[in-house]
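# Architecture at a glance
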Amino acid sequence: MTGARPCAAEERRSRERRSCGGAAAEAAAGGMDGARGAGRALAALLLAASVLSAALLAPGGSPEHGAEAAPPRADLDKKRHVELKMDQALLLIHNELHGTNLTVYWNSERCYHCSFQVLVNVSWSGKPGKASTAAVAVSTQHGSILQLNDTVEEKEVCRLEYKFGEFGNYSLLVKHVHNGVNEIACDVVVNKNPIDSNLPVCVAFLIGVAIIIAVSFLRFLLSLDDFHNWISKAINSRETDRLINSELGSPSRADSLGGDTQPGGWCPPASPPRLRCVDTFRGIALILMVFVNYGGGKYWYFKHSSWNGLTVADLVFPWFVFIMGSSIFLSMTSILQRGCSKLKLMGKIGWRSFLLICIGMFIVNPNYCLGPLSWDKVRIPGVLQRLGVTYFVVAVLELIFAKPVPESCASERSCFSLRDIIFSWPQWLFILMLEGIWLGLTFFLPVPGCPTGYLGPGGIGDLGKYPNCTGGAAGYIDRLLLGDDHIYQHPSSAVLYHTEVAYDPEGILGTINSIVMAFLGVQAGKILLYYKDQTKDILIRFTAWCCFLGLISIALTKISENEGFIPINKNLWSISYVTTLSSFAFFILLILYPIVDVKGLWTGTPFFYPGMNSILVYVGHEVFENYFPFQWKLGDNQSHKEHLTQNIVASALWVLIAYILYKKKVFWKI
């Protein structure tokens with residue numbers, strides 16, 4: 001089906017893959033007529049938003065072109081003209097120092113303890129009173145650190161920090177200052193103002209706010225009796241026909257896809273009471289994942305961090321793992337209550353894990369443009385592979401120690417305030433043992449040529465002392481057990497830290513902490529089920545877990561990106577990364593549960609729909625990434641706004657597809 005994908009698919013292998021947790025199908029789709037009317041209006045609003053985004057962010061008269069094509073200063077030789085790309089600015093370095101050749105070094109402020117890299121050499125012009133000039137492109141994503149040295153004496157002349165703007169034109173004047181003291185001044189002058197590259201994001205945000213207001217206003221109108229009756233009369237005939245067809249028509253198409261029905265007499269599908277906040281949370285993470293996977297407008301904060309720290313893209317995968325854990329407990333409890341044996345459920349768990357791993361192997365190894373894929377180059381780890389392993393371990397752990405969920409016991413003395421934790425002490429003991437293994441291997445495993453307990457990126461980090469130590473023990477274990485050719489070849493650390501060794505962010509050691517994160521999601525599921533109909537108790541426990549995990553993160557990181565005991569790191573899946581993202585997840589559930597499930601102030605639209613069909617949306621967005629209408633040829637490939645328009649439209653289309661499938665009761669489960 002995907003053999004004809006264009007060669008851009010090969011380029012896609014250089015981007016990390018994110019995933020989503022398992023989806024659950026919901027066959028019942030009913031509710032008030034007003035809610036159905038608002039749902040139908042969603043499709044029109046999404047299409048309108050896409051068209052409006054395209055209109056407001058469309059190419060034509062783009063200031064980027066003017067900045068990129070801006071001619072250099074008169075004294076700049078045409079051969080030295082620099083063609084700017086996205087997130088770059090033009091810097092003209094004027095050397096007015098008599099008899100001195102300069103070497104300009106550059107570093108990013110986000111590159112922690114990095115050695116300086118040579119940017120350009122600026123020789124003396126050879127003529128007194130005339131400056132020599134060199135033109136160079138500098139990055140505008142983060143602040144730059146420039147150091148100018150005397151080329152011959154290797155002595156620092158000056159050093160400065162500056163945040164350049166995209167497609168701006170700047171001059172760096174290096175000259176003597178005659179103020180009685182022989183000093184050298186390095187001054188930055190703006191020749192042409194940069195563009196506001198974040199403006200398209202602001203426009204898109206305003207469009208999103210407008211959609212929220214429009215949907216809220218529509219729901220308000222539908223809540224009015226007069227307006228509701230008028231709408232009902234207008235659509236009564238069509239609605240009646242639809243209901244008759246749905247009652248007398250063929251069985252649900254979900255059955256044709258298999259649903260939860262499995263061969264070999266496996267257990268009947270679970271029918272747990274739907275918690276829309278869980279599906280909504282999954283949908284939020286899923287659509288955010290689609291957006292960042294499609295490029296996120298090529299903004300740095302929609303890409304993964306080079307090493308330590310957090311960006312928007314770093315939030316997606318852990319939240320899927322967390323929600324997967326919640327879904328594991330909710331669905332497993334329902335299946336066991338229906339009388340399914342643990343042995344049959346064990347087979348179902350193993351089958352689903354196997355399918356996740358197989359689908360993951362298919363997705364992370366697209367080799368359509370290079371002919372048949374060689375087994376010597378197959379990447380083994382991946383997002384779905386890690387989800388499959390994590391799902392298997394956590395589900396089996398819960399199955400082995402499964403206990404009947406106590407009924408509502410608000411008035412029973414036998415009910416403990418911490419029963420959701422106390423009843424799970426064997427599982428917690430196992431999880432703590434796993435975390436002890438991660439800590440032991442990370443900080444005490446000897447790695448040849450690297451300091452024990454190294455957590456750095458290697459490359460030019462740590463002043464270039466450990467160039468081949470990327471990831472420390474985590475990278476070493478993957479290279480030792482899997483081999484260099486079977487792990488990710490283009491890690492995000494290569495962007496800033498210029499690492500040259502392979503490193504897989506979905507490697508073996510990090511899987512331990514993904515299991516820990518999934519189990520924290522199980523804990524959230526237990527809170528929702530153990531204390532059902534006790535909203536206050538649920539919110540108190542969500543708040544407590546949010547604060548507790550947040551305090552652990554503060555202690556581990558010292559509220560610092562790089563100076564903590566264990567920094568937040570997505571590539572390593574450090575324990576501080578897990579506690580921080582789990583704290584965020586509990587906070588989101590703290591907001592969503594009362595709004596969506598208790599008060600009904602929000603139905604979860606539109607995120608609820610992709611959350612109900614997450615596997616289909618995830619696999620579909622990966623397979624059809626390079627196909628129209630999810631991607632098309634841009635007028636200006638160096639324009640943030642064109643990329644942003646394309647990615648917003650593609651994400652909105654997957655929401656629309658999920659909505660249509662939901663209405664037709666088409667769900668894909670594994």
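Data block above holds the structure.
Report follows, based on the coordinates. What you see as residue numbers is a count from 1 along each chain, following the sequence as written. Local features in this predicted model are restricted to residues of pLDDT 70 or higher, and side-chain atom pairs are both shown and tallied only at a pLDDT of 80 or more, whereas totals for entire chains, interfaces and linings draw on every residue. The basis for the side-chain values is all heavy atoms of the structure; hydrogens and waters are excluded.

With that settled, the discussion passes to the overall build of the chain. Here a helix means four or more residues in a row that DSSP labels H or I, a strand means two or more in a row labelled E, and each is numbered from the N terminus. Helix and strand counts for the chain come out as 20 helices and eight strands. To sort residues, take the accessible area from a 1.4 Å probe on protein chains only and compare it with the maximum for the residue type: under 20% means buried, over 50% means exposed, and anything in between is partly exposed. Every one of the 670 residues in the chain was classed for burial, and the buried ones make up 52%. Should any heavy atoms of two residues lie within 4.5 Å, those residues are considered in contact. Across the chain, the fraction of contacts at a sequence separation of at least 24, relative to all contacts at a separation of at least 6, is 76%. For every accessible area listed, the method is Shrake-Rupley and the probe measures 1.4 Å; residues are considered covered only by the protein chains on display. Of the roughly 30300 Å² that the chain leaves accessible, carbon and sulfur atoms contribute 63%.

A separate point is the nonpolar core. Here, nonpolar core refers to any group of buried Ala, Val, Leu, Ile, Met, Phe, Trp, Tyr and Cys residues whose side-chain atoms link them within 4.5 Å. In terms of nonpolar packing, the biggest core is built from 120 residues, with Phe281, Phe322, Phe542 and Phe586 touching the most fellow members. In terms of residues, this core owes the most to one element, helix 15 (residues 508-530), which gives 14 residues. Ignoring anything within four residues of it in the chain, the contact list for Phe586 reads Phe322, Leu520, Ala524, Ile527, Phe542, Trp545, Cys546 and Leu549. Ile93, Leu102, Leu146 and Cys186 belong to the second largest nonpolar core, which has 22 residues in total.

The next point concerns the sheet that holds strand 2 (residues 102-108). Sheet strands pair by backbone hydrogen bonding; their relative direction is either parallel or antiparallel. With respect to topology, four strands assemble into an open sheet ordered 3-2-5-6, the strand pairing being antiparallel. A single partner strand is all that each edge strand has here, and the edge strands are strand 3 (117-122) and strand 6 (155-162). The sheet shows a mean angle of 20° between the axes of neighbouring strands, taken without regard to direction. Two strands pair under a simple rule: DSSP has to find at least two bridges between them. Note that strand 2 and strand 5 (residues 144-150) share seven bridges and pair antiparallel. Bridging from a neighbouring strand, Val104 pairs with Leu148 of strand 5. A fitted line through C-alpha atoms represents every axis, and for helices the fit uses only the stretch in contact; the resulting angles, taken between N-to-C directions, go from 0 to 180 degrees.

With that settled, consider the pattern of salt bridges. Oppositely charged side chains may form a pair once their charged atoms are brought near each other. Each reported salt bridge corresponds to a side-chain nitrogen of Lys or Arg within 4 Å of a carboxyl oxygen of Asp or Glu. The final tally for this structure, using the stated rule, is nine salt bridges. Linking Arg110 and Glu561 is a salt bridge whose minimum nitrogen-to-oxygen distance equals 3.6 Å. One end of the pair, Arg110, is in the loop between strand 2 and strand 3; the other, Glu561, is in the loop between helix 16 (535-557) and helix 17 (575-598), and 451 residues separate them in sequence. On the accessibility criterion, Glu561 (33% relative accessible area) is partly exposed. A salt bridge links Asp504 to Arg379; the shortest N-O distance between them is 2.8 Å. Taken together, the positions of Asp504 in the loop between helix 14 (493-497) and helix 15 and Arg379 in the loop between helix 9 (342-364) and helix 10 (383-400) put the pair 125 residues apart, joining distant regions of the chain. As far as burial versus exposure is concerned, Asp504 and Arg379 are alike and both buried.

The disulfide criterion is simple: two cysteine sulfur atoms within 2.5 Å. Counting across every chain of the model gives three disulfides. Two residues share a disulfide in this structure: Cys111 and Cys114, whose sulfurs sit 1.8 Å from each other. On the S-S bond that ties Cys111 to Cys114, the torsion sits near -75°, and the link is left-handed. Across the pair, exposure class does not vary: Cys111 and Cys114 are buried alike. The disulfide bridge from Cys158 ends at Cys186, spanning 1.8 Å between sulfur atoms. What sets the handedness of the Cys158 and Cys186 disulfide is the S-S torsion sign, and at about -85° it is left-handed. One end of the pair, Cys158, is in strand 6; the other, Cys186, is in strand 8 (residues 182-192), with 28 residues separating them in the sequence. The residues Cys158 and Cys186 share a single accessibility class, namely buried.

In space, the four strands of this open sheet follow the order 4-1-7-8, with mixed pairing throughout. The outermost strands of the open sheet, each flanked by one partner alone, are strand 4 (132-139) and strand 8. Strand-to-strand twist across the sheet, computed as the mean angle between neighbouring axes with direction ignored, equals 25°. Note: strand 1 (residues 88-95) against strand 7 (residues 169-178), six bridges, orientation parallel. Its bridge partner being in strand 7, Leu91 is matched across the sheet by Tyr170.

With that settled, consider the pairing of strand 6. As a general feature of sheets, a regular strand has side chains that alternate between the two faces. Examined bridge by bridge, strand 5 and strand 6 share seven bridges and lie antiparallel to one another. When the bridges of strand 6 are listed, Leu148 appears paired with Cys158. Once strand 5 ends, the chain turns through four residues before running back antiparallel as strand 6, passing Glu154 with a positive phi of about 50°.

What follows covers the packing of helix 19 (residues 614-623) against helix 20 (residues 640-663). Closest axis-to-axis distance for the helix 19/helix 20 pair is 11 Å, and the angle between their directions is 140°. In terms of their interaxial angle, helix 19 and helix 20 are classed as oblique. You can see that helix 19 and helix 20 cross each other, and the crossing is right-handed. Taken together, the residues of helix 20 that come into contact with helix 19 (itself represented by Leu616, Val617, Gly620 and His621) are Trp654, Ala658 and Leu661. Residue type decides the class: Asp, Glu, Lys and Arg count as charged, Ala, Val, Leu, Ile, Met, Phe, Trp, Tyr, Cys and Pro as nonpolar, and the leftover types, Gly among them, as polar. Classifying every residue of the contact of helix 19 with helix 20 by side-chain character gives five nonpolar, two polar and no charged. To sort the angles, those under 35 degrees are grouped as roughly parallel, those over 145 as roughly antiparallel, those from 65 to 115 as roughly perpendicular, and the leftovers as oblique. Definitions for this section: a left-handed crossing has its near helix turned counterclockwise from the far helix by less than a right angle. A right-handed crossing has that turn clockwise.

In this structure, Leu315 sits in the loop between helix 7 (276-293) and helix 8 (316-337). In this structure, the C-alpha to C-alpha distance between Leu315 and Ser582, residues 267 residues apart in sequence, is 10.0 Å. Not counting chain neighbours up to four residues away, the residues in contact with Leu315 comprise Leu310, Leu581 and Phe584.

The next thing to look at is a nonpolar patch on the surface. Nonpolar side chains collect at one region of the surface, where Phe205, Leu206, Val209 and Ile213 lie side by side and expose about 410 Å² of accessible area between them. Summarising the element assignment, Val209 is placed in helix 4 (residues 199-223). Surface patches are drawn from residues lacking salt bridges whose relative accessible area is over 30%; two like charges belong together within 9 Å, two nonpolar side chains (Val, Leu, Ile, Met, Phe, Trp, Tyr) within 5 Å.

Without other data, these values stay purely geometric and don't point to any function.
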